[in-house]
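Secondary and tertiary structure notes
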Amino acid sequence: MVTSTQLAPQSLVARIIEEIESNPEAQRLLLRALLTEEFLRVPERLDRIESELRVAKDERAEMRNDIAILKADSEVLKRDSAILKGDSLEIKLHRRVRSLVSQRLGLRRARIMQSAVQDTRPALSDAVEDAQANGVITDEQEIRIDATDIIMSALRKSDGSRVWVAMEVSNNVGQSDIERAREAADALNMVFSEDAEGVVAGYRIHDLDMERADRLGVHTIIVPIPQLPPDSE
């Protein structure tokens with residue numbers, strides 16, 4: 001009968017460790033025998049968790065940036081909506097446009113001949129129609145005059161000569177507003193053979209557009225932005 005001598009636990013573990021260290025493949029098999037599948041997948045899961053945490057961190061940073069942008073946009077929208085609430089700027093200007101333009105251009109006895117809140121006066125519409133019919137202005141120039149936001153007739157304080165004013169109104173005055181005012185003023189000059197001035201008015205105008213208006217001989221009027229009520233708590 002063959003009997004086997006059992007090694008002491010410490011010796012057994014030491015021998016196993018020695019064998020395992022010299023045989024990497026045995027290490028993998030031993031781990032698989034001793035550990036469950038869940039434990040064996042821990043390193044893989046840790047890698048995945050670290051990757052997901054990095055993505056979440058990036059997303060949180062991006063979200064904070066988006067929130068900051070949204071807050072800034074919200075303030076702009078709040079301001080613009082308050083500006084646009086109720087009557088348009090063109091209608092609001094109608095109440096004091098004569099005094100604004102008269103002061104800016106040195107005029108007196110200014111009369112509104114066309115605007116969004118009143119019919120075009122015959123003295124203007126008839127003259128424009130006759131000028132188009134007689135070939136003095138083109139169809140496009142007639143349309144340009146008809147589409148002008150505000151047209152006024154006035155006298156210069158300096159010499160009493162008559163002058164026509166073609167005004168384009170916009171919250172944010174831009175290149176197209178300036179060009180339309182210039183074209184309308186030129187067309188009015190051809191219709192009446194009298195001086196005509198182009199004017200743009202609005203809450204804002206970029207410095208480059210201000211320079212463009214100066215080059216084209218178009219006057220600019222900056223309207224103060226209405227004061228907004230404080231936010232309620």
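Look up: the structure comes first, before these words.
Residues numbered from 1 in each chain as written. Predicted model: local features only at pLDDT ≥ 70, side-chain atom pairs only at ≥ 80, totals over all residues. Heavy atoms only, no water.

Along helix H8 (residues 139–146), the residues that are buried comprise Glu-142, Arg-144 and Ile-145. The buried residues of H8 occupy one face: seen down the axis, they fall within an arc of 160°. In H8, the exposed positions that point more than 90 degrees away from the buried face belong to Glu-140 and Ile-143. Packing partners of the buried residues in H8 comprise strand E1 (107–114), helix H7 (122–133), strand E2 (150–156), strand E3 (162–169) and helix H9 (175–192). (Buried < 20%, exposed > 50% of the residue type's maximum accessible area, 1.4 Å probe, protein only. Helix = DSSP H or I, 4+ residues; strand = E, 2+ residues; numbered from the N terminus. Arc of directions from axis to C-beta. Contact = heavy atoms within 4.5 Å.)

Before going further, it helps to examine a negative patch on the surface. Together, Asp-58, Glu-59, Glu-62 and Asp-66 give the surface a local cluster of negative charge. Within the secondary structure, Asp-66 sits in helix H4 (residues 42–84). (Patch = residues over 30% accessible without salt bridge, like charges linked within 9 Å, V, L, I, M, F, W, Y side chains within 5 Å. Areas by Shrake-Rupley, 256 points an atom, 1.4 Å probe, with all protein chains shown as cover. Salt bridge = Lys/Arg side-chain N within 4 Å of Asp/Glu carboxyl O. Lys, Arg positive; Asp, Glu negative; His and termini not counted. Charge placed at Lys NZ, Arg CZ, Asp CG, Glu CD.)

Another point: a positive patch on the surface. Together, Arg-98, Arg-108, Arg-109, Arg-111, Arg-121 and Arg-162 line one region of the surface with positive charge. At three residues, E1 tops the list of elements feeding residues into the positive patch. By the element assignment, Arg-109 lies in strand E1. On the basis of relative accessible area, Arg-109 is assigned to the exposed category, the value being 57%.

On inspection of all chains with the given rule, the structure shows one aromatic pair. For the ring pair Trp-164 and Phe-192, a centre distance of 3.9 Å and an interplane angle of 10° mean the geometry is stacked. Pair noted here: Trp-164 is in strand E3 and Phe-192 is in helix H9, with a separation of 28 residues, a long-range link. Across the pair, exposure class does not vary: Trp-164 and Phe-192 are buried alike. (Phe/Tyr/Trp six-rings, centres within 6.5 Å; stacked < 30°, edge-to-face > 60°.)

Let us look at the packing of H7 against H9. In a pair of packed helices, the angle between the axes and the distance between the axes together describe the arrangement. Closest axis-to-axis distance for the H7/H9 pair is 9 Å, and the angle between their directions is 80°. It follows that H7 is roughly perpendicular to H9 by the angle criterion. Together, Ala-123, Leu-124, Ala-127, Val-128 and Ala-131 of H7 and Leu-188, Val-191 and Phe-192 of H9 make up the contact between the two elements. Split into classes, the residues belonging to the contact of H7 with H9 amount to eight nonpolar, no polar and no charged. (Axes fitted to C-alpha atoms, helices over the stretch in contact; angles between N-to-C directions. Parallel < 35°, antiparallel > 145°, perpendicular 65-115°, else oblique. Nonpolar A, V, L, I, M, F, W, Y, C, P; charged D, E, K, R; others polar.)

Here we take up unusual backbone geometry. One non-glycine residue, Arg-109, lies in positive phi territory at about 50°. Unlike most non-glycine residues, Ser-193 shows phi in positive territory, near 55°. Inspection of the secondary structure puts Ser-193 in the loop between H9 and strand E5 (195–202). Judged by its relative accessible area of 66%, Ser-193 is exposed.

Here the focus is the pairing of E3. In terms of residue burial, E3 counts as a mostly covered element, since seven of its eight residues are buried. In this structure, E2 lies alongside E3, joined through six bridges in antiparallel fashion. Across the sheet, the residue bridging to Met-152 is Val-165, located in E3. Between E2 and E3, which follow one another and run antiparallel, lie five residues, and Gly-160 among them has a positive phi close to 80°. Judged from the seven bridges that link them, E3 and E5 form a sheet pairing that is parallel. If you follow Val-165 over to E5, its bridge partner there is Glu-197. (Pairing = 2+ DSSP bridges.)

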